[in-house]
Structure formats: structure tokens, C-alpha cells
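# Architecture at a glance
Residue-level listing of the chains:
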Amino acid sequence: MAIKLDRRTVLKGIGGSILALPLLEAMTGGKRARGANPTIPKRYIVCFGGQSLGADNDPIHNMYVPDTIGANYDLKVALAPLANHNNIKNEITVVSGLKIPTAFDNGGAVPAGGRSDDFHINSLGPLLSGVSTNDNKVHGPTSDQLVADALGGSTTFKSLVYRVQASWYLDQSAPYGRDVISYRMNGSQLVGIPSTVSPRAAFDSLFVGFTPVDPAEAAKRAFLLAQRKSVLDLVSAKTEKLMPQLGTADRQRMQQHLDAVRDLERRISAIAPDGGGACQLLADPGGDPAVGGNNTVNGGTGFDINAGYSDEEARATLLVDLLHMAVVCDLTRVATLQFTMAQSHMNMYPLIGIPYDLHEIGHSSYGTMGVSQGIAWHMKHFA
């Protein structure tokens, strides 16, 4: 007879290592783990790409919004990746025509939920919080944190905040908040939540577990991880004990889960370690892609196509997969994933072959087509 498991069940192994489990029938009273099951929680995930629509002096204005309204909507260049993954567009609603009201629209006064006319930074505040701004700052908690208070429950992480773009990448300026997507209230003070940028740190946080209080146990785990032991090896005894007690469907789902965790470990281990910085101090199995240097120009002549890039393709793939596993394991129900910073200066040449940073494409001769190709890169990982 299959056992009954609590939804908070984890496998605890050597050195305090833990492995969260996927949602199993043994946790839902024998009901199917997928489908119309009222015990499966709601999830809320915000994905953000730091590229505006449109381009300077370009007669082409729309390569994003479908012409057809309804279930069989068409996919223009920016949304083309939604045709992949078994035509995932059928699960996605495209909402267009939204606008952040401006002071110009309101006779010079900043309207409620709007912004002043300096759009580069001032758009971010109302977009994230719904609260107006005229000073380049966010003035209210963001939706993810409000939802986390409602949905977080007893999950290990009330919310996760990840960012793919590893650095600002431009010598001439600084992010000034364009690298922060999530804000919460700490008493009466609004504070920004730093994003986890390192896939290595994100993996350790989710799957390696908490540092044991016992120094001997901590040392044992550190030694095993230093030998590139998988976290699955550290909980192998508990896994072997649990598997025979599960029903057939749960055993299959559990094996898929273990295979996915092993694959994530393998891919993180395959990334070359960072050449410097704090990532060297992180535990095996592997480091993060090296952080690329800054550019002195935004694009075109003098633009260094080898700078301003930290293998964001690999980082995006890993962080998306980690976020997926965190939701499957019910470690969190709320997350933000900032693919690129607002007004992003990430080098797009390695990704779409255009020698400009993401923001500057909109000011270049590549026009709306180039902007759309940049957005399509984000949509590929979103899909």
C-alpha cells in the first residue's frame, strides 16, 4: 500500500543536505498530481525584458502585436518563439494597448499611476508597483511581494528574485535602480530586493539545503561536494528507502524529478568557472560563466562584440530551469525573473548577430526588426 506524504516532505541526507520532492499523489490523497486538483496552489511569476517597443524614425511600427484577435492569433517576429514547445502560444494570452500615463498626457502634472516625461527610468516605478513617480524611484511594493504575502504560505521561499543579465556593461553610467525589479515594505521603509544572478548560488539555495549547525556535519558535506558528489548522492539512502513505498505513478514522477535535478547539476558543472570574484568561493559542482567587461560605446563603430556579455544564454537556460524546479517542488509560488535590466546595455551580438547593446538597437539602423529580434530572444526563454 502506498504511503501518505506531507506536502512539505523533503529528503534529508549527509551533512544536512536536503532534496525537495515534486507534488506526488501520495501528497494529495491519491488524486492525480496534475489536472483539476484544488489542492494544487496558484503560482505568480513575473518575467521582465528591458527593451521598449519601437525604434527611432522607423516606418514599421508593429512586429509584436498580433493582427488576429482570439485563439488563432498570428505570431510576428517578436513573439515567433511561442510557436515552439508544442505551440505554447495556445496557453498564452497576449494583452496589448496598455499605457503608463505621463505628465504630458495630463497637462504637465504626473497622474496617478503615471510618470513624468523622463521615460528612461521613470517608467519602471509605475510599471512594477502601479504607483506614480517623477524622481526615478519606485514608491510602492511590487505586485510579486504583495502576492507573496497572500500565496507564500509555508513554502521555503516566499518569493524568488532572479536576474539573467549579470552586469550593467556600460562605462558611461550606472543602473540607478534599473537592475532591481522587486520591492517590499520593511516596516515603514520600502526596500529593493537584490536579485540572485548566479545560477550556482540559486542551485545551492534550492537543492543543497541549509548549512548544518554541527561543524562536523558541515565539514562532511563540504568535503563531499568538493569531490563533486551530487546532492542526489548525499540523499541516496533516503531516496532508496522512499521509492519502493510509492505507487507506480509517483515512482515515475519521482524518477523524472531526480533525472531533472541530475541534469541541472551536470549542466552547471559544465560551465567554466568564473575567472575572479565571489563565484570562486562557491561550492562545487561548478562555477558561473565569467562576467564580461564593460563597453565604452553603445554600438556600431568602436563597439566591442566580445564585451558586455557573460554567456547570458546559458544563464537564462539554467535560471529558467531552476525556477521551474522550484515551482514543481513547491519551494516557492511567487517569483520574478528579470531577463535584462531596464534600458539594458547587454551585448546582443552573441545572441542575434547585431553589434549593439539591447537598448541601442532601437536607436540604430536595425530599427523595429532588430528590436523585435532582441525581444524574441527573451520570448524564447519565456516559452
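This text follows the structure it describes.
Throughout what follows, the structure given in this document is the object of discussion.

## Observations regarding the pairing of strand β5 (residues 183–186)
Regular strands place their side chains on alternate faces of the sheet. As judged from the four bridges shared by β5 and strand β6 (residues 189–192), these two strands associate in the antiparallel manner. Residue pairing in the sheet places Asn186 in a bridge with Gln189 of β6. Here β5 folds back onto β6 in antiparallel fashion, the turn holding two residues, of which Gly187 has a positive phi close to 70 degrees.

## Considering the pattern of salt bridges
Counting across every chain of the model gives seven salt bridges. For Lys76, the salt bridge is made with Asp74, and the minimal N-O distance between the two is 3.4 Å. Judged by its relative accessible area of 16%, Lys76 is buried. Here Asp105 ties to Lys99 by a salt bridge, and the two come within 3.5 Å at their closest N and O atoms. Judged by relative accessible area, Asp105 falls into the partly exposed class, the value being 44%. Taken together, the shared-partner salt bridges in this structure form one network comprising Asp67, Asp74 and Lys76.

## As for the packing of helix α10 (residues 312–328) against helix α12 (residues 367–382)
Running from amino to carboxyl end, α10 crosses α12 at an angle of 30 degrees, the nearest separation of the two axes being 10 Å. When the interaxial angle is binned, α10 and α12 end up roughly parallel. Considering how the two elements wind past one another, α10 and α12 form a crossing that is right-handed. Together, Glu312, Glu313, Ala316, Thr317 and Val320 of α10 and Trp377, Lys380 and His381 of α12 make up the contact between the two elements.

## Side note on unusual backbone geometry
If you check the backbone angles, Asp311 has positive phi at about 55 degrees while not being a glycine. The topology assignment puts Asp311 in the loop between α9 (248–270) and α10. At Gln343, a residue that is not glycine, the phi angle is positive and equals roughly 50 degrees. Within the secondary structure, Gln343 is located in the loop between β7 (334–338) and α11 (349–352).

## Description of helix α4 (residues 143–151)
By the burial criterion, the buried members of α4 are Asp144, Gln145 and Ala148. Angularly, the buried residues of α4 cover 95 degrees about the axis, an arc narrow enough to put them on a single face. α4 presents Leu146, Asp149 and Ala150 as exposed residues on the side facing more than 90 degrees away from its buried surface. Against β3 (44–48), β5 and β7 lie the buried residues of α4. One or two positions beyond α4, positive phi appears at Gly153, with a value near 55 degrees.

So, how was this worked out
- For every chain, the first residue of the written sequence is number 1, and numbering continues from 1 onward in sequence order.
- Local features in this predicted model are restricted to residues of pLDDT 70 or higher, and side-chain atom pairs are both shown and tallied only at a pLDDT of 80 or more, whereas totals for entire chains, interfaces and linings draw on every residue.
- Side-chain measures were taken over the full set of non-hydrogen atoms in the model, leaving aside hydrogen atoms and water.
- We call two strands paired when DSSP finds no fewer than two bridges between them.
- The helix count covers DSSP runs of H or I at least four residues long, the strand count covers runs of E at least two residues long, and both are numbered beginning at the N terminus.
- For this document, the term salt bridge refers to a Lys or Arg side-chain nitrogen within 4 Å of an Asp or Glu carboxyl oxygen.
- The classification of residues rests on relative accessible area computed with a 1.4 Å probe and restricted to protein chains. Under 20% of the type maximum is buried, over 50% is exposed, and intermediate values are partly exposed.
- Only the contacting stretch of a helix is used when fitting its axis, a line to C-alpha atoms as for every element, and angles between N-to-C directions run 0 to 180 degrees.
- Roughly parallel refers to an angle under 35 degrees, roughly antiparallel to one over 145, roughly perpendicular to one between 65 and 115, and oblique to any angle outside these ranges.
- Should the near helix be turned anticlockwise from the far one by less than a right angle, the crossing is termed left-handed; should it be turned clockwise, right-handed.
- We call two residues in contact whenever any of their non-hydrogen atoms come within 4.5 Å of each other.
- The directions considered for the arc are those from the helix axis to the C-beta atoms.

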